[in-house]
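Working through the structure, step by step
Here's the letter readout for the chains.
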Amino acid sequence: MKSYTDYLWFNTERRREYICITDLLQNALEKSGIQEGMLLVSAMHITAGVYVNDDEPGIIRDLDNLLDGLAPLGRDYYHHRTGEDNGDAHLKSLLLHHQVMIPVTGGKLDLGPWQQVFYAEFDGCRKKRVVIKIIGD
Amino acid sequence: MKSYTDYLWFNTERRREYICITDLLQNALEKSGIQEGMLLVSAMHITAGVYVNDDEPGIIRDLDNLLDGLAPLGRDYYHHRTGEDNGDAHLKSLLLHHQVMIPVTGGKLDLGPWQQVFYAEFDGCRKKRVVIKIIGD
Amino acid sequence: MKSYTDYLWFNTERRREYICITDLLQNALEKSGIQEGMLLVSAMHITAGVYVNDDEPGIIRDLDNLLDGLAPLGRDYYHHRTGEDNGDAHLKSLLLHHQVMIPVTGGKLDLGPWQQVFYAEFDGCRKKRVVIKIIGD
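Please read these numbers as outputs of a predicted model, since none were measured by experiment.

1. With respect to the interface of chain A and chain B
Interfaces are frequently sized by the accessible area removed from exposure as the parts join. On the side of chain B, 29 residues touch chain A, which itself brings 36 residues to the contact. Note on chain A versus chain B: buried area summed over both sides is about 2,700 Å², and carbon and sulfur give 66% of it. Here chain A is connected to chain B by one salt bridge. With a closest N to O distance of 2.6 Å, Lys133 of chain B and Glu36 of chain A form a salt bridge. Of all elements in the fold, only β3 (37-43), β4 (48-53), α2 (57-70), α3 (87-96), β5 (99-105) and β8 (128-136) of chain A reach the threshold of two or more residues within the side of chain A that touches chain B. In terms of residue count, the dominant contributor to the side of chain A that touches chain B is α2 of chain A (eight residues). By residue class, the composition of the side of chain A that touches chain B is 19 nonpolar, 10 polar and seven charged.

2. Some points on the sheet that holds β8 of chain A
Residue and element names in this part refer to chain A. The strand order across the open sheet built from five strands is β1-β8-β3-β5-β6, with neighbouring strands paired in antiparallel fashion. Whereas interior strands pair on both sides, the edge strands pair on one side only; in this sheet they are β1 (2-10) and β6 (108-109). Pairing between β1 and β8: nine bridges, direction antiparallel. Of the residues in β8, the one forming a bridge with Trp9 is Arg129. Set on the sheet, helix α1 (residues 22-32) makes contact with β1, β3, β5, β6 and β8; between it and β1 the angle comes to about 150°.

3. Observations regarding empty space enclosed by the protein
Overall, the coordinates contain eight cavities of 30 Å³ or more when judged by the stated rule. By volume, the largest cavity is sized at about 100 Å³. Estimated volume of the second largest cavity: approximately 60 Å³. Lining the second largest cavity are Val50, Tyr51, Val52, Leu96 and Val100 of chain A together with Ser93, Leu94, His97 and His98 of chain B. Considering every element that reaches the lining of the second largest cavity, the biggest residue donor is β4 of chain A, with three residues. The residue makeup of the lining of the second largest cavity, split by class, is six nonpolar, three polar and no charged.

4. Structural notes on the confidence of the model for chain A
Overall, the predicted model of chain A reaches an average pLDDT of 98, with 100% of residues at or above 70. Scoring the predicted complex yields pTM 0.98 and, for the interface, ipTM 0.97.

5. Here we look at the side chain of Asp64 of chain C
Residues and elements named next belong to chain C. Along the chain, the position of Asp64 falls in helix α2 (residues 57-70). For Asp64, a relative accessible area of 17% puts it in the buried group. Here the side chain of Asp64 touches Arg16 through a polar contact of 2.8 Å, side chain to side chain. Excluding residues that lie within four positions of it along the chain, Asp64 makes contacts with Arg16 and Tyr18.

6. A word on the interface of chain A and chain C
If you look at the interface, chain A gives 29 residues, while chain C gives 36 residues. Counting each side, the surface lost to burial between chain A and chain C is near 2,700 Å², with a carbon and sulfur contribution of 66%. In terms of surface lost to chain C, no three residues of chain A exceed Ile46, Tyr78 and Leu94 of chain A, which account for 24% of the buried area on that side. One can count one salt bridge joining chain A with chain C. Among the secondary structure elements, those contributing two or more residues to the side of chain A that touches chain C are β1, β3, α3, β5 and β8 of chain A. Considering each element in turn, the side of chain A that touches chain C owes the most residues, six residues, to α3 of chain A. Classifying every residue of the side of chain A that touches chain C by side-chain character gives 16 nonpolar, 11 polar and two charged.

Conventions adopted
Residues numbered from 1 in each chain as written. Chains lettered and ligands numbered in written order. Predicted model: local features only at pLDDT ≥ 70, side-chain atom pairs only at ≥ 80, totals over all residues. Heavy atoms only, no water. Contact = heavy atoms within 4.5 Å. Buried area = accessible area lost by both parts, 1.4 Å probe. Salt bridge = Lys/Arg side-chain N within 4 Å of Asp/Glu carboxyl O. Helix = DSSP H or I, 4+ residues; strand = E, 2+ residues; numbered from the N terminus. Nonpolar A, V, L, I, M, F, W, Y, C, P; charged D, E, K, R; others polar. Pairing = 2+ DSSP bridges. Axes fitted to C-alpha atoms, helices over the stretch in contact; angles between N-to-C directions. 1 Å grid on protein atoms, 1.4 Å probe; cavity = no way out; pocket = protein on both sides within 12 Å on 5 of 7 lines; lining within 4 Å. Points joined across faces, edges and corners; volume = space filled by probe spheres on them. pLDDT = per-residue confidence, 0-100. Buried < 20%, exposed > 50% of the residue type's maximum accessible area, 1.4 Å probe, protein only. Polar contact = N/O pair within 3.5 Å; in protein donor to acceptor, adjacent residues only side chain to side chain.

Below is the structure:
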């Protein structure tokens, strides 16, 4: 069994941002030399998410509306008693989930034709990290 | 390390449908010959989900009500400016998540007594695919 | 490839409880002897969740409020026609997700500085189980 570990860094200009990372994952997979196995991509911060969906600006806006409707920025969360102001970002991360597994088949990410992988930043404007772990042969 | 890849196809009669696939996964596991490892089952479309819960019609109806309450069919989503009408299905997929990992122990899916795996179709009446990837020994 | 399987048991005093299990996972990892790979931690019941976030009482209360707002305890769910009273717990489990994958790097859980793993009980006061599966080298 081979394994490969890599990290991606993000520092977004806006507080919330959705960044397509499929090509970065394919690059990591090529470096690993793994042909058959699984790739895990997982946010290392608790105010970010990773998800698979369409690279279409409308649906990204719909997703952002959905998440901000359920866990609005600016609400008076209990978490803010610590002095933080990002309670919404924690809850958005939990609702969307912070990680995705991708099957690796024949040296490629085995994704459907419309599936793209996104990093979802909910509390940006600072350096944040994502781990990529690939295991297989 | 062994690996095994398979695909399931679905073409539902209704727009939204919830299909128990536990037996299909157990069949794939038996074909793989893998005794210890992990099984990934992941929708390859961005308007479908995969989840684990109870095979009980009431809870399926409750889940459908919950998801359609949060991301109703027929709302005027930004995604629809592309000509699509399935914005709700994208958001339902994101809320429910599109994949599940199942531990494989002693050649069996290591699930609890009430755990069943479901394919959740949110925009059906056409051919759609799920990938199964198993790695282990 | 090595694999390691373990189970954690919980029997909470309250119906809903959030328990940090990061140390228990690190212990299991040490027992496994695995240095590079992946660890899956997954609830074996359909009324519990596993998630990664902050070990801070305020955000746990915010999460509980969010989930109970979306799937309130005491609502008249279709699932209750079976005689059960825990429809809310099924839906909370589905919204939060019941499992997490953790990369294993250099014999450690490769988590970010604030990431803690939690078991989320939504229908407690009875014995319930979580499976840990680790594969790697």
